[in-house]
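Listed here are the chains, written in short residue letters.
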Amino acid sequence: ALVLPPDYAATPPPAGTAGTTGIGNEADVLEAMFGGPAARPLAESDVLAKAGRADLGIRSTVSDPLTPTVNKGTTTVDIIRSPEGNNPGVTAGVGG
């Protein structure tokens, strides 16, 4: 294999300017790295179509007290607050 040493005479581009890679924007970079968007499974496309688009500003209003939510009790909080560790006597499961 041929290995070329780095060009120590090269300098980075000035801040705020584009590099010399020939790749113009983020979409071009993603295309070069991942080959473009992957086809979505039919089930995923169907769910997304039925869900519709989120309202603008949804992240700002999600904790609005008038927004109906499901009360899941303290289970999720208890899980998050539980200490980390590998105790073989402790197991977790879903369902009855």
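Relevant structure appears above.
In this convention, every chain numbers its residues from 1, walking through the sequence in written order. The predicted nature of this model means local features are confined to residues of pLDDT at least 70 and side-chain atom pairs, given and counted, to a pLDDT of 80 or more, with totals for whole chains, interfaces and linings taken over all residues. Think of the side-chain values as coming from all heavy atoms in the structure, minus any hydrogens and water.

## So, the overall build of the protein
Secondary structure counts use DSSP, requiring at least four H or I residues in a row for a helix and at least two E residues in a row for a strand, with both numbered from the N terminus. A tally of helices and strands in the protein yields 4 helices and 0 strands. Reading the protein from its N terminus to its C terminus gives the helix and strand order α-α-α-α. When each of the 96 residues of the protein is scored for burial, the buried share is 0%. Per-residue accessibility, obtained with a 1.4 Å probe over protein chains only, is compared with the maximum for each type, and a residue is labelled buried under 20%, exposed over 50%, and partly exposed between these values.

## Let's talk about helix H1 (residues 26-34)
Counted residue by residue, H1 has 0 buried out of 9 residues, so it is predominantly exposed. Remark: Gly-35 follows H1 within two positions and exhibits a positive phi of approximately 80 degrees.

## A short note on the pattern of salt bridges
Definition used for salt bridges: Asp or Glu carboxyl oxygen within 4 Å of a side-chain nitrogen of Lys or Arg. Under the definition given, this model contains 2 salt bridges. A salt bridge links Arg-40 to Glu-44; the shortest N-O distance between them is 3.7 Å. Judged by relative accessible area, which is 57%, Arg-40 ranks as exposed. Between Asp-46 and Lys-50 there is a salt bridge whose closest N-O contact spans 3.3 Å. Of the two residues, Asp-46 and Lys-50 both sit in helix H2 (residues 42-51), 4 residues apart, roughly one turn of that helix. By relative accessible area, Lys-50 is classed as exposed at 67%.

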